[in-house]
Amino acid sequence: MKYESLVRAILDEIGGEHNIASVTHCMTRLRFTLKDESKANIENVKNIAGVVGCVNKGGQFQIVIGTQVADVYNDLVQIAHIQTDGEEKKEKKNLISALFDTMASIVMPMIGPLAGAGMIKAILSILVQFSLIDNTTQTYQIFYMVADCVFYYMPFFLAFSAGKKFKCNPYLSLIFAAMLVHPTYLGLKTAGDPVTLLGLPVTLATYTSSVVPIILIVYFQSIVEKWVTKWTPKAIKTFFVPMIVILATVPVGFIVLGPLGAIFGNYLASFFTFLDTQVGWLVPMLVGGLCPLLVMTGMHYALGSAQSIQRATVGYATILAPGMVCSNMAQSAATFGVALKTKDKELKSLASTVGVTALCGITEPTLYGIGMKLKRPLYSAMAAGAIGGLYAGLTGVKQWAYGTSTIFALPVYLGSDNSFINICIAVAISMVLAFVFSYLTHKDPAPASSKAEAAVKPAVLNKKLVIHSPAAGQLIPLEQVKDDTFASGALGQGCALIPESGEFGSPVKGKVAMLFETKHAIGLIAEDGTEVLIHIGLDTVKLNGEHFTAKVKTGDAVEVGTPLVQVDLKAVRDAGYDLVTPVLITNSAEVLDVVENSREHVEAGDEILTVIR
């Protein structure tokens, strides 16, 4: 997200996302209603890079951002999980796009670990291929084990992320991830005996490295949890809600949602086995095109089992391997197309990295970090993989020895026919087409911006001018001035000062534009064109300059603090006049916003207004 650093800094200083009762925005300001205003620190918020000003008024904690406030608000809504009234009005997406977006948002937080671990596995694979290390050594096994953890235990990472996405207890979600890979469950699966739960049969599926099953289970958890929480008395909520959620989710997870991929995969494996015997050339094309979806749903395990039976029966494999290697290499090439085309430095770095891992057969970082997020690279890879798989099918490619689906394992296609040459051609077709398709269709989703740049960008784009207090005194909102002309803002936005000192100095650097003959009002123009009016007292024009002594004349250049007028406050007060002094920005219509200081008392020279242009 473009403004993630800025949003998180704001959340830290206002008491966190749980302290937000509601939030809206106008043209320049985020307007919060906080549950506990004492948790918010105005001065710290003002010092955040990217925040122009901050004021607490009218029951709202207002943070001035500037013209980028809508973008900051959108990032805030996502990061703080805020439900907005307009969410249901967003443009509807088709089901596939909506599913991809949901899955991508859940997987995105773990892309860094996936990419890093994937690179270690890729390096190990290359070292083994070039005989620089033996895969039987303990050094290899330990590094491979560590790198494989994020893939093997993927349900854990996804459970926590999905819990936050679906706004349910993410720690409770981890229980459902643990049940899928618990040694007891794995032991039941290994034993191969029928398993029942509450008298209903359980389909024993493989959940390690899986994605879809745990996301479906956590989504169901969120539905149950919200319903139970709503109807549970507060006194027993702490233990009762988790207990009921576990009791309800475990059977549904094990019997229905978890094994969906395995159940459909078994049917798919039977279908592909039938196709292999009837129209064998079609199978690599289907696998080459659909492989990313098969991996997401775990169905590739079922096809792998069918291929193992085929290998044991006829001595070679055609059901999964040829299409899968075309798909994997197409995903790698499509990602490199993004890396070459994009101008986003972070995206270029990520795409280059995960493209290498896909080249070595580790496609998860590519699939979830690039493909599902941007979609076009995924569609490009699927199309190219299907075309490459079609060539492999038409030429009767066979995998003669067991091996992984990487570019370094192509020698496993060496045999008594031309499979090796043809698989090389098929892979080349897949990679070239995927790269071309991806390069031609890629569009950067947003202008490049690092997190650090995003945090300070609002401050760079918005010019601001600080208006200093002309004298010491008490600040009050303009609407509290007992004169409708000032209170209504008809003369401009600003604030009012009840002065404690008769020495009035310039609030800006600029020049004196106008000094009334009665000396009770002074107009100034700051260097940036901001027009400031200081009106000392109400109806003091009737004094005709009595008790007022001018220190400057029209046209004089002034600095902040330059003496403007000296006033005998006691004499003016004794004459029956209100000394409240409005300080106005008379060309408010030409500026973006005017932010008031929330302090009650100021000294001469303190900040009282911030003008944003």
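Refer to the structure presented above.
Note that the structure is a prediction, hence the values are computed from the model and not measured.

Draft legend 1. Representation of empty space enclosed by the protein. Applying the stated criterion across every chain yields a total of 1 cavity of 30 Å³ or more. Where the lining of the largest cavity is concerned, the elements lending two or more residues are helix 15 (321-341), helix 17 (364-374) and helix 18 (376-394). When residues of the lining of the largest cavity are assigned to their parent elements, the largest contribution, 4 residues, is made by helix 17. Within the lining of the largest cavity, the residues separate by chemical class into 6 nonpolar, 4 polar and no charged.

Draft legend 2. Geometry of helix 3 (residues 69-79). Among the residues of helix 3, Val-69, Val-72, Tyr-73, Asp-75, Leu-76, Val-77 and Ile-79 are the ones counted as buried. Against helix 1 (4-13), strand 1 (20-25) and strand 2 (29-34) lie the buried residues of helix 3. Of the residues one or two after helix 3, His-81 is the one with positive phi, at around 55°.

Draft legend 3. Broad picture of the state of the cysteines. Taken as a whole, this structure holds 0 disulfides when the rule is applied. Here Cys-291 is not cross-linked by a disulfide; its sulfur's nearest cysteine counterpart is in Cys-326, at 10 Å.

Draft legend 4. Broad picture of the pairing of strand 16 (residues 563-567). Both strand 10 (residues 503-505) and strand 16 contribute to a ladder of 3 bridges, which runs antiparallel. Looking at strand 16, one finds that Glu-503 is bridged to Gln-566. With 3 bridges connecting them, strand 14 (residues 548-550) and strand 16 associate as antiparallel partners. Bridge pairing links Thr-549 to Gln-566 in strand 16.

Draft legend 5. Geometry of the environment of His-81. Its place among the elements puts His-81 in the loop between helix 3 and helix 4 (95-107). Residue class for His-81 comes out partly exposed when judged on its relative accessible area of 29%. Residues His-81 and Ile-362 lie 281 residues apart in sequence; the distance between their C-alpha atoms is 32 Å. Apart from the residues within four sequence positions on either side, His-81 is in contact with Glu-17, Leu-76, Lys-164 and Lys-167. A polar contact of 3.4 Å, which involves the side chain of His-81, links it to the side chain of Glu-17.

Draft legend 6. Spotlight on a nonpolar patch on the surface. Where nonpolar side chains cluster on the molecular surface, the patch consists of Leu-340, Val-432, Val-436, Tyr-439 and Leu-440 and spans about 470 Å² of accessible area. By residue number, the principal contributor to the nonpolar patch is helix 19 (residues 419-441), which donates 4 residues. Tracing the backbone through its elements, the reader meets Val-432 in helix 19. The exposure class of Val-432 is exposed, given its relative accessible area of 51%.

Draft legend 7. Inspection of the side chain of Thr-530 at higher detail. Structurally, Thr-530 can be placed in the loop between strand 12 (521-526) and strand 13 (531-535). Polar contacts involving the side chain of Thr-530 include one to the side chain of Asp-528, which spans 2.9 Å. Each residue touching Thr-530, except ones within four places of it in the same chain, is listed here: Leu-465, Leu-524, Ile-525, Ile-585, Asn-587, Val-611 and Arg-613.

Draft legend 8. Expanded view of the sheet that holds strand 3 (residues 53-57). The strand order across the open sheet built from 4 strands is 1-2-4-3, with neighbouring strands paired in antiparallel fashion. Among the strands making up the open sheet, the edge pair consists of strand 1 and strand 3. On average, each strand axis in the sheet is tilted by 20° relative to the strand beside it, whichever way the strands run. Relative to strand 2, strand 1 is paired through 5 bridges, and the arrangement is antiparallel. Following the sheet pairing, His-25 is matched in strand 2 by Leu-30. Running at roughly 150° to strand 1, helix 3 makes contact with strand 1 and strand 2 of the sheet.

Draft legend 9. Molecular detail of the layout of surface pockets. Of the voids in this model, the second largest pocket is the one considered here, and its volume is about 1,200 Å³. Taken together, 41 residues make up the lining of the second largest pocket; nearest its centre are Met-324, Gly-361, Tyr-402, Thr-404 and Ser-405. Those elements giving two or more residues to the lining of the second largest pocket turn out to be helix 5 (111-129), helix 6 (138-152), helix 14 (300-314), helix 15 and helix 17. When residues of the lining of the second largest pocket are assigned to their parent elements, the largest contribution, 7 residues, is made by helix 14. In the lining of the second largest pocket, the residues fall into 16 nonpolar, 21 polar and 4 charged.

Draft legend 10. Inspection of the nonpolar core at higher detail. Of all hydrophobic cores here, the largest spans 50 residues; its most connected members are Leu-114, Leu-158, Ile-214, Met-296, Tyr-368 and Met-372. With 7 residues, helix 10 (residues 212-231) is the largest single contributor of residues to this core. In contact with Tyr-368, not counting residues within four places along its chain, are Val-107, Met-108, Ile-111, Val-211, Met-296 and Lys-373.

Analysis parameters
- Residues numbered from 1 in each chain as written.
- Predicted model: local features only at pLDDT ≥ 70, side-chain atom pairs only at ≥ 80, totals over all residues.
- Heavy atoms only, no water.
- 1 Å grid on protein atoms, 1.4 Å probe; cavity = no way out; pocket = protein on both sides within 12 Å on 5 of 7 lines; lining within 4 Å.
- Points joined across faces, edges and corners; volume = space filled by probe spheres on them.
- Helix = DSSP H or I, 4+ residues; strand = E, 2+ residues; numbered from the N terminus.
- Nonpolar A, V, L, I, M, F, W, Y, C, P; charged D, E, K, R; others polar.
- Buried < 20%, exposed > 50% of the residue type's maximum accessible area, 1.4 Å probe, protein only.
- Contact = heavy atoms within 4.5 Å.
- Disulfide = S-S within 2.5 Å.
- Pairing = 2+ DSSP bridges.
- Polar contact = N/O pair within 3.5 Å; in protein donor to acceptor, adjacent residues only side chain to side chain.
- Patch = residues over 30% accessible without salt bridge, like charges linked within 9 Å, V, L, I, M, F, W, Y side chains within 5 Å.
- Areas by Shrake-Rupley, 256 points an atom, 1.4 Å probe, with all protein chains shown as cover.
- Salt bridge = Lys/Arg side-chain N within 4 Å of Asp/Glu carboxyl O.
- Axes fitted to C-alpha atoms, helices over the stretch in contact; angles between N-to-C directions.
- Core = buried A, V, L, I, M, F, W, Y, C linked by side-chain atoms within 4.5 Å.

Geometry only, nothing functional implied.
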